[in-house]
Each structure stands twice: as structure tokens, then as C-alpha cells.
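Here's the letter readout for the chains.
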Amino acid sequence: MRYQRSSALFQEAQKYIPGGVNSPVRAFKSVGGVPVFMQSAKGAYLTDVDGNQYIDYINSWGPAIIGHAHEMVVEAVKKQAESGFSFGTPTELETEIAKLITERINGIDQIRMVSSGTEACMSAIRLARGFTGRDKIIKFEGCYHGHSDAFLIKAGSGAITFGNPNSPGVTQGTAKDTLLARYNDLEQIEALFQNNEGEIAAIIIEPVAGNMGCVLPENNFLQNLRKICDENGTLLIFDEVMTGFRLAFGGAQERLGVKADIVTYGKVIGGGMPVGAFAAREEIMDYLAPKGAVYQAGTLSGNPLAMRAGLETLKIILSEKDFYLSLNAQTEKLASEVAKALDEKGIHHCINRLGSMMSVFFDVDKVQNFDEAQNANHQKFNQFFHHLLNNGIYLPPSGYETWFISSHIQDAEIEKTVEAIRSF
């Protein structure tokens, strides 16, 4: 494929935008090469500025679960735009989407809309601290909850030490209140609670991790976290920015049968528009301003265009009786066919999958945490990525990212993907 226009645009972008991109993973630093600049998207396909077309396995990093530019969503947003883009006042639309969500998801009574997943997770932590009167939180290596200071922490020298900042601009004072643990390691969690008795406000976790590749909770890990939180007066926060409305309408809570105290949402909830949200039972949400003392605000929170796109997307999902059954079946077929093609070529790999999220790891037998994800052969993934890119298949440009499948990935797209893999 030719990427002449993309290359020229990237050179131009680097003059005016740091690194030439507005989110680091887009720069292709992990896989090498020049990022592809997209021009349009429809259904299962992306088209770049050079006219190349790709089967899309990113789907805007998750939001496009019903495919790109769905006619009903586009029409709804056009109609809303004619009434105005933003008012800075309450609208009936905000209540409509809040009602739809809270009435269908167990364990949440109220929801607050924000403008991004980062903002949702940041607000959830503040709310948990305000509710419990405690300062410390536990997060997991390899889980990403946005770029708020409290989350940009890496592990210290010991398994249960305080974290250290892994980005300049994050202070040691912030880092001291973030405790690190290994995903799927219950013993570390127990040790952290023993060493910080009565001090931990919340555990925040991606119930199915998506930022070290797709990594699943094993051996009742989430159920045990729920039990530990209950025993210690600590809140359990599920970051469902990726998994919410994707693994099931009720997200990972519904799919895995574990209730969180606070849940954060993003991606699908906005139908492709910039939206985040956090939700909880009324007892917790009562602490939030203007009713309570925990402050959170946003000029574009509940933006009418975003609310309309999200509401229409959720209604489309609910209108299709077997939406998740069909989506999961197609993803299972994709994973199975990819595995078969790699096996035929004698390429050592493992595939992690749940619902419509999946990842391929090379030269490892299993991946259950960040250390094991790092042990995968990422150089081979980079080669795999570029081979598929040149054959019209667009994967996440990092071996640490999840593939997101849309309902428009059908047999023809799977067959083309497998054909490209067979020539790898």
C-alpha cells in the first residue's frame, strides 16, 4: 500500500502538535513506521487519505460497537445539531439517557455524565475518598484509568511498596497514596490491606483489562476483591470505560456476576462522541455536588450531541434481541480462525478473549498479568501488525492493546483477515 499523503500529513502535524498526534498510541512508536491518517469510516471499514481501505479492529478504541457511521445515529445527531450544539443548561435528553441506563443496570441508582473516561475515573476516585474519608487507593499494574496524576504510577522496588511516578509532572506526594498490585494476585491485595489497615478508600480495576492486551480475571479474582472490600469498608470501583455496554449491556458486572460500588463508563456510552460517566448507588452519589460536598463540574458534561449519539447507539443495541450473542459468536469465530491460521504456520501464540474483546500474544503460553504481557514477543507482533496493515487489516498499533470487534465484522471480513494471516 502507498502512504504518501499520510507521510506528508504526519510531517506537517509534527510542526504544530506534540509528536504529531493528540494521543500517544496513534504515533506508531510501539510498532514503528508512519501513522496512517484516516479520512472516513463506514460499517466495518476505514479509508485513509491515500484511498486505502482497511477492516477495522480498533473501532475508535471501542465506541463503534455497531460499526462506523450507523445511519440511525448519523441522522439523530444531524437532527440534534439543528437545535444547537451546546447550551450549558440542563436538557431533557440527559435525564432520558440516565434513566435508560440506571433502570437496566443493577446496583446503580444515579449517573453523572462527564466528557472522557479519564475524567470519569478521576471523579470516581475523588468520590470514593470523600465517601470513605480515606486517602489511599489500590490500582493494578497494566491497568490504565486515564492520565490523571493518581493513575500514572509504576511499582516500587518491593511488591507492596508505595508507587513511584512514571511521568514527569506527577508528584511524590500524589504517588504515596497510590498502592500497586499485580493483576490476578490476591496475596498482594491481602498484604496491602494488612499494611494499610483502615486507610484504603478504594480499589480501582479494569474488570477485564484492556491496556496490557486483553487480560481476564482468573480464579474468582473479582469475587475475592469484592469480599475484601466488604470486610474493610473499602469501595470497589470497576473501570468499565472499555467493557461497559460491550461485554453485555450491564458490562462486566453483568457478564461476570460481580457488583462494584462505583462504575465508570466511556466509549460505547457516547456512540463515538467524547463522553464519560460514573455511577453508583444513591448513598454514594449523594456525596456529589451540588447535593453533597465532593465537587465535580464540566462545561460540556451532558453535551446534547454526545447524549444523542450515545442514546441512539444504546437504543439500537437494545432493539436487536440477540445483539450480544451474535457479536460474541463472530468474535469467537474470528479468534478461532486466527488461531487455526497461526497454528498452521507453526507460530507459537496465545489468544485471550472475552465477548468482543481479544488479543493475540506471540511466543507465550498464557498472559494473566502485566509481567506476562511484557514477556510476549512484541517484535513479532510489530511485524504481524505491519503485514496485516499492508493487506488492508487495521489492528491496534501496540501489542499491549485490545482488539475491539464491531457487529459489522462478518464472515467476509473474517475470511479476508485469515487470508492475510496465512501469508504472514
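Worth saying up front: this structure is predicted, and the values here are computed from it rather than measured.

Rules behind the numbers
Numbering of residues starts from 1 in every chain and runs along the sequence as written. For this predicted model, a pLDDT threshold of at least 70 governs which residues receive local features, and a threshold of 80 or more governs which side-chain atom pairs are given and counted, while totals over whole chains, interfaces and linings are taken from all residues. Only hydrogens and water are removed before side-chain values are computed, so all heavy atoms of the structure are retained for them. Only strands that DSSP links by at least two bridges are regarded as paired with each other. Each helix is a run of H or I in the DSSP string that is no shorter than four residues. Each strand is a run of E no shorter than two, and both are numbered from the N terminus. Two residues qualify as a contact provided that any one of their heavy atoms is within 4.5 Å of a heavy atom in the partner residue. Between the N-to-C directions of two axes lies an angle of 0 to 180 degrees, each axis being a line fitted to C-alpha atoms and, for a helix, fitted only over the stretch in contact. Where each domain starts and ends follows an automatic or database-derived domain assignment. A 1.4 Å probe defines the accessible area here, and the buried area is the portion of it lost by two parts on being joined, summed over both. What makes a salt bridge here is a side-chain nitrogen of Lys or Arg within 4 Å of a carboxyl oxygen of Asp or Glu, nothing more. Here a polar contact means two N or O atoms within 3.5 Å. Within protein one must be a hydrogen donor candidate and the other an acceptor candidate, and residues neighboring in sequence count only if both atoms are side-chain atoms. UniProt positions are given in the numbering used here, feature names are shortened, and annotations may be inferred rather than shown by experiment. Each residue gets one of three labels from its accessible area relative to the maximum for its type: buried under 20%, exposed over 50%, partly exposed in between, using a 1.4 Å probe on protein chains only. Here the angle decides the label: under 35 degrees means roughly parallel, over 145 means roughly antiparallel, 65 to 115 means roughly perpendicular, and every other value means oblique. Residues are grouped as follows: Ala, Val, Leu, Ile, Met, Phe, Trp, Tyr, Cys and Pro are nonpolar; Asp, Glu, Lys and Arg are charged; all remaining types, including Gly, are polar.

Structural notes on the sheet that holds strand 14 (residues 357–362)
Taking strand neighbours across the sheet as the criterion, the three strands line up as 13-14-16 in an open arrangement whose pairing is antiparallel. Looking at which strands have only one partner, the edges of the open sheet turn out to be strand 13 (349–354) and strand 16 (403–404). Strand direction decides the pairing type here: strand 13 and strand 14, joined by six bridges, are antiparallel. Considered in strand 14, the bridge of Ile-351 is made with Val-360. Sheet strands touched by helix 11 (residues 323–344): strand 13, strand 14 and strand 16. Its angle to strand 13, the strand with the most contacts, is close to 180 degrees.

Observations regarding the domain arrangement of the protein chain
Taken domain by domain, the protein chain consists of domain 1 (4–57 + 322–423) and domain 2 (71–319). Relative to domain 2, the C-alpha centre of domain 1 lies at a distance of 26 Å. Taken together, the contact pairs 25 residues of domain 1 with 26 residues of domain 2. For the domain 1 and domain 2 pair, buried surface summed over both sides reaches about 2100 Å², with 58% attributable to carbon and sulfur atoms. A per-residue breakdown of the area domain 1 buries against domain 2 is headed by Tyr-324, Leu-354 and Met-357, which together make up 30% of the total. Its salt-bridge partner being Asp-371, residue Arg-182 comes within 3.4 Å of it at the nearest N-O pair. At the boundary of domain 1 with domain 2, the tally comes to 13 residue pairs in polar contact (both at pLDDT 80 or more). Put simply, the parts of the chain that give the side of domain 1 that touches domain 2 at least two residues each are helix 11, strand 13, strand 14 and helix 12 (370–375). Considering each element in turn, the side of domain 1 that touches domain 2 owes the most residues, four residues, to strand 14.

A look at the UniProt feature "modified residue: N6-(pyridoxal phosphate)lysine" (unreviewed entry) in the protein chain
Those residues carrying the UniProt feature "modified residue: N6-(pyridoxal phosphate)lysine" (unreviewed entry) are Lys-267 in this numbering. On the secondary structure map, Lys-267 appears in the loop between strand 11 (262–266) and strand 12 (276–280). Residue classification places Lys-267 among the partly exposed positions, given a relative accessible area of 21%. Setting aside anything within four residues of it in sequence, one finds Lys-267 in contact with Trp-61, Gly-62, Pro-63, Val-241, Met-242, Gly-272 and Val-275. For Lys-267, the side chain forms a polar contact with the main-chain oxygen of Trp-61, separated by 3.1 Å.

Quick notes on the environment of Val-241
Of note, Val-241 is situated in the loop between strand 10 (235–240) and helix 8 (251–256). For the pair Val-241 and Gln-14, spaced 227 residues apart in the sequence, the C-alpha separation amounts to 29 Å. In contact with Val-241, other than residues within four places in its own chain, are Gly-117, Cys-121, Thr-264, Tyr-265, Gly-266 and Lys-267.

Description of unusual backbone geometry
Going from Ala-289 to Pro-290, the amide bond is cis rather than trans, its omega being 15 degrees. Along the polypeptide, Pro-290 turns up in the loop between helix 9 (282–285) and helix 10 (304–319). One non-glycine residue, Ala-69, adopts positive backbone phi at about 50 degrees. Mapped onto the elements of the fold, Ala-69 is located in the loop between strand 3 (53–56) and helix 2 (71–81). Taking the relative accessible area as the measure of exposure, Ala-69 reaches 35% and is therefore partly exposed. Despite not being glycine, Asn-220 has its phi angle at roughly 60 degrees, a positive value. With respect to the helices and strands, Asn-220 occurs in the loop between strand 9 (200–205) and helix 7 (221–232).

A few points about the packing of helix 6 (residues 186–195) against helix 7
As a packed pair, helix 6 and helix 7 sit with axes 11 Å apart at the nearest point and diverge in direction by 10 degrees. Relative to helix 7, the element helix 6 lies roughly parallel. Residues Leu-186, Ile-189, Glu-190 and Phe-193 of helix 6 form the contact with helix 7, whose participating residues are Phe-221, Asn-224, Leu-225, Ile-228 and Asn-232. Among the residues forming the contact of helix 6 with helix 7, the class breakdown is six nonpolar, two polar and one charged.

Considerations on helix 6
Among all positions of helix 6, only Gln-188, Ile-189, Ala-191, Leu-192 and Phe-193 are buried. Where helix 6 is buried, its residues meet strand 5 (136–140), strand 8 (178–181), strand 9 and helix 7. If you check the start of helix 6, you find a side-chain oxygen 3.2 Å away from the backbone N of Glu-187, and it comes from Asp-185.

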